[in-house]
Amino acid sequence: MMPTDRLLPAILLRLLSVLLFALMNVGIKLAEAGGAALAEILFWRQAGAAMLVAGIVLAGPGVAAVRTARMGAHVLRCVLGLTAMTLTFSTLTLLPLAEATTLGFSMPIFATILGALVLREPTGAWRWAAVVAGFVGVVIVAQPGAGAGIPTIGVATGIGAALGTATVSILLRTIGRTERPLATVFWFSVLSLVPLGVAYALTAQAHPATTWALLLGIGLLGGAAQIAMTTSLTWGPVSSVVPMDYTALLWATLFGWWVFDRLPAESTWLGAPVIVASGLVIVWREHRRRRAEVRQALADA
């Protein structure tokens, strides 16, 4: 059982991570507009996170906190995580903030499907109904066939990013059984710098000081957000902290209006509540399932 006195800090940490990720997303769009290539943005995102995590490791628990006997799992997580991150960042450059964020909310839908197919998790009628409803919400937002709808390529990368993130979440469930959260964040950041370093060398170019500041800020914000997000799950149950992620739509709408003078399209206002509701139902049913498993385990003990 997680101590109840850590629930509020866990929720606050999750809310903080959502805000930091939202600010990072603004930085990504501004850096791309300032001439930074996608490979450069990805490299600085991971370089900044690696520096931040390395500093925390050296100042706190030491290198023992990141030792691992499952390097193969971390390499696989790196490949899948980089793929999902590339698609996510591509979506942010192709779509307005609110639309890109809304499509990202379809991740629990894919996580439910993968959990049933890969982990053989029991999935009842409620969660399958939520999956169907979630896809209906995605269709509403995407407006397939609508001439004035959002770009098809942006919808494709957004859905691909959600699927990739869901795949990573399934892998992290297995890695988390033996690895510390700090070690998982550290190895993802460090290992990804190898391929990204090559891509960066091929695309690096001169930038004005503001773009360099944005690139560095992307890395630091992303690293801090990742640590806050991971820590929130060690302090509070998933069912309590994950629903906080949906506040990202509030930040995306606010920053989209304030920074880019763009409000969500009418279809986004209609589809986003459907996707959010489906995600909340999935989280709720997962919470009930895990509580039932704990009660059964206690009864069998």
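Anything mentioned here points back to the structure above.
Quantities reported herein were computed from a predicted structural model and do not represent experimental measurements.

How each quantity is defined
- Residues numbered from 1 in each chain as written.
- Predicted model: local features only at pLDDT ≥ 70, side-chain atom pairs only at ≥ 80, totals over all residues.
- Heavy atoms only, no water.
- Phe/Tyr/Trp six-rings, centres within 6.5 Å; stacked < 30°, edge-to-face > 60°.
- Helix = DSSP H or I, 4+ residues; strand = E, 2+ residues; numbered from the N terminus.
- Buried < 20%, exposed > 50% of the residue type's maximum accessible area, 1.4 Å probe, protein only.
- Lys NZ or Arg CZ within 6 Å of the ring centre and 35° of its normal.
- Expected span 1.5 Å × (residues − 1).
- Contact = heavy atoms within 4.5 Å.

Peer 1: Would you mind showing me how to read the packing of aromatic side chains here?
Peer 2: Two descriptors summarise a pair of aromatic rings, namely the distance from one centre to the other and the angle between the planes of the rings. What the rule picks out here adds up to nine aromatic pairs. Centroid distance W44 to Y200: 6.4 Å. Interplanar angle 80°. Geometry classified as edge-to-face. Of the two residues, W44 is situated in helix α2 (residues 38–59) and Y200 in helix α8 (residues 181–203); the sequence distance between them amounts to 156 residues. Aromatic side chains F186 and W187 sit 5.1 Å apart centroid to centroid with 80° between the ring planes, which places their arrangement in the edge-to-face category. Owing to a relative accessible area of 19%, W187 belongs among the buried residues under this scheme. Of the aromatic side chains, those joined through ring pairs into one cluster are F43, W44, Y200 and W212. The cationic tip of K29 hangs over the ring face of F260; the distance from NZ or CZ to the ring centre is 5.7 Å. Taking the ring centre of F188 as reference, the NZ or CZ of R77 above it sits at 3.9 Å.

Peer 1: What am I meant to see in helix α1 (residues 7–33) here?
Peer 2: At 3.6 residues per turn, the α-helix brings residues three or four places apart onto the same side. Relative to the 39 Å expected for 27 residues at 1.5 Å per residue, α1 spans 39 Å between its end C-alpha atoms, a close match to the ideal helical length. A positive phi of about 105° marks G35, the residue just after α1.

Peer 1: What exactly am I supposed to notice about the environment of V118 here?
Peer 2: As for its position among the elements, V118 is in the loop between α5 (107–117) and α6 (125–142). Sequence-wise, V118 and M51 are 67 residues apart; in three dimensions their C-alpha atoms are separated by 34 Å.

Peer 1: It is not clear to me how the side chain of T211 should be interpreted in this structure. Could you clarify?
Peer 2: Residue position: T211 is located in helix α9 (residues 209–235). By relative accessible area, T211 is classed as buried at 2%. Not counting the four nearest positions on each side in its chain, T211 is found in contact with A31, G34 and A36.

Peer 1: Help me out: how do you make sense of the environment of T123 in this one?
Peer 2: Relative to the helices and strands, T123 is located in the loop between α5 and α6. For T123, a relative accessible area of 19% gives the class buried. Residues T123 and I28 lie 95 residues apart in sequence; the distance between their C-alpha atoms is 37 Å. Non-local contacts of T123, meaning those with residues more than four positions away in its chain, are made with T112, A116 and W128.

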